[in-house]
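Take a look at the letters that make up each chain.
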Amino acid sequence: MTELAAVKAALKSQAVETPSWAYGNSGTRFKVFAQAGVPRDPHEKLDDAAKVHEFTGVAPTVALHIPWDKVDDYAALAKYAEERGLRLGAINSNTFQDDDYKLGSICHPDAAVRRKAVDHLLECVDIMDATGSTDLKLWFADGTNYPGQDDVRERQDRLAEGLAEVYARLGEGQRMLLEYKFFEPAFYTTDVPDWGTAYAHCLKLGPKAQVVVDTGHHAPGTNIEFIVATLLREQKLGGFDFNSRFYADDDLMVGAADPFQLFRIMYEVVRGGGFGSGSGVAFMLDQCHNIEAKIPAIIRSVMNVQEATAKALLVDRGALAAAQRDGDVLGANAVLMDAYNTDVRPLLREVREEMGLDAEPLAAYARCGWAEKIVAERVGGRQAGWGA
């Protein structure tokens, strides 16, 4: 197989999971903006996700968020997804939208609240059993606003105790992905603020616990690719939540703020053995599209990941290694920049055509009439969004 053929084969095998909540209404802490045609239930979210997969060919799974995607029969929901060429992916827990969690959930000082939170996480594992999902994704808003509000060390003990109970419930082939965020909504301390804290808990829990890197959950200037390289080296990188940020939140399309950073991250993924179906590293979007149309924004995000991946695959690793061994600082940098500056859009158009897809996913979606259809048909009922 030629080098170009190998790159094409790798791109055809790529899989990017889309989030159910990205298809619903969302906004900022100030306002949620409603859009016409937004899904009203998890089934309609899957209908929209099927369109993303239809036109990109690399979005075969959809993450659920509980209780936003709560249904009476999860096995039936999985079958509904299968009938549309999809599978249900990660199950995301929600321990941040209940009044009881004002002072935290799994780290709360009240044992009764902690019990409620852990029971919800165990319910999510039950849902994994019913849907065939393998990943339980955990993000905790837990933290404190003021010095002295709670015992920082005891909160870590509570976190470890709750995670251990959930970890023990995981079945064969299931795993726990622990996410981190450096601040918000807590303003003084966050109980899982960084990759080191997440890594320490996962290391103690065992091989079924891994860290998930949300690309928008870091302070400005953080070297995310170093974090990725280190977690891959330790075999503790479970996956990504891809998005982008300029300031304090992370609901923009992946690559919007710094496409060069996305390329650098993807190079470390490829170089560290984190790309491919056997790597165990999940590529997931975690985005809320507040002012842009939902489905086109998700298609564009998938394409952004594809483009960064293609550039990472084109890095001449032999030439790079030689320059690094020789201490050729400028030469090594030039190898990376040559790959980054390559226009990979013609290559990806070829890949899509070889997959039997339209070469231009966004244009193909615009022509298909789905946007007009859902606006006309999804009238009445309650639109899905935060909390639904």
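Just so you know, these numbers come straight off a predicted model, no measurement behind them.

As a further point, take the layout of surface pockets. There is about 1,200 Å³ of room inside the largest pocket. Residue lining of the largest pocket: 37 residues in total, with Lys181, Asp249, Asp250, Asp251 and Trp386 positioned closest to the centre. Along the lines of polarity and charge, the residues of the lining of the largest pocket split into 15 nonpolar, 10 polar and 12 charged. Quantified by volume, the second largest pocket comes out at close to 590 Å³. Breaking the lining of the second largest pocket down by element, the ones donating at least two residues are helix H3 (74-83), strand S5 (87-92) and strand S12 (282-285). Here the element with the most residues in the lining of the second largest pocket is S5; it accounts for four residues. Partitioned by chemical class, the residues of the lining of the second largest pocket number 12 nonpolar, 13 polar and five charged.

What follows concerns the nonpolar core. Core analysis: the biggest nonpolar cluster contains 98 residues, and Phe140, Leu163, Phe240, Phe242 and Phe283 have the highest contact counts within it. Broken down by element, this core gets its largest block of residues, 10 residues, from helix H9 (residues 294-313). With residues up to four places along the chain from it excluded, the contact list for phenylalanine 283 reads Gln14, Ala15, Val16, Glu17, Phe240, Phe242, Met266, Val269, Gly274, Phe275 and Val305.

This part is about the packing of aromatic side chains. In the structure shown here, the tally under the stated rule is 13 aromatic pairs. A ring pair is formed by phenylalanine 263 and tyrosine 340, whose centres lie 5.3 Å apart and whose planes are at 45°; its orientation type is tilted. Within this pair, whereas phenylalanine 263 is found in helix H8 (residues 259-271), its partner tyrosine 340 is found in helix H11 (residues 329-340), the two being separated by 77 residues in sequence. Overall, the relative accessible area of 1% leaves phenylalanine 263 in the buried class. Classification of tyrosine 340 as buried rests on a relative accessible area of 17%. Arranged with centres 6.1 Å apart and planes meeting at 40°, the rings of phenylalanine 275 and phenylalanine 283 form a pair that is tilted. Comparing phenylalanine 275 with phenylalanine 283, the two get one shared label, buried. Three or more aromatic residues link up through ring pairs in this structure, and these residues are Phe240, Phe242, Phe275 and Phe283. The ring of tyrosine 101 carries the charged tip of lysine 116 above its face, separated from the ring centre by 5.6 Å.

How each quantity is defined
Residues numbered from 1 in each chain as written. Predicted model: local features only at pLDDT ≥ 70, side-chain atom pairs only at ≥ 80, totals over all residues. Heavy atoms only, no water. 1 Å grid on protein atoms, 1.4 Å probe; cavity = no way out; pocket = protein on both sides within 12 Å on 5 of 7 lines; lining within 4 Å. Points joined across faces, edges and corners; volume = space filled by probe spheres on them. Nonpolar A, V, L, I, M, F, W, Y, C, P; charged D, E, K, R; others polar. Helix = DSSP H or I, 4+ residues; strand = E, 2+ residues; numbered from the N terminus. Core = buried A, V, L, I, M, F, W, Y, C linked by side-chain atoms within 4.5 Å. Buried < 20%, exposed > 50% of the residue type's maximum accessible area, 1.4 Å probe, protein only. Contact = heavy atoms within 4.5 Å. Phe/Tyr/Trp six-rings, centres within 6.5 Å; stacked < 30°, edge-to-face > 60°. Lys NZ or Arg CZ within 6 Å of the ring centre and 35° of its normal.

The analysis is restricted to geometry; functional conclusions fall outside its scope.
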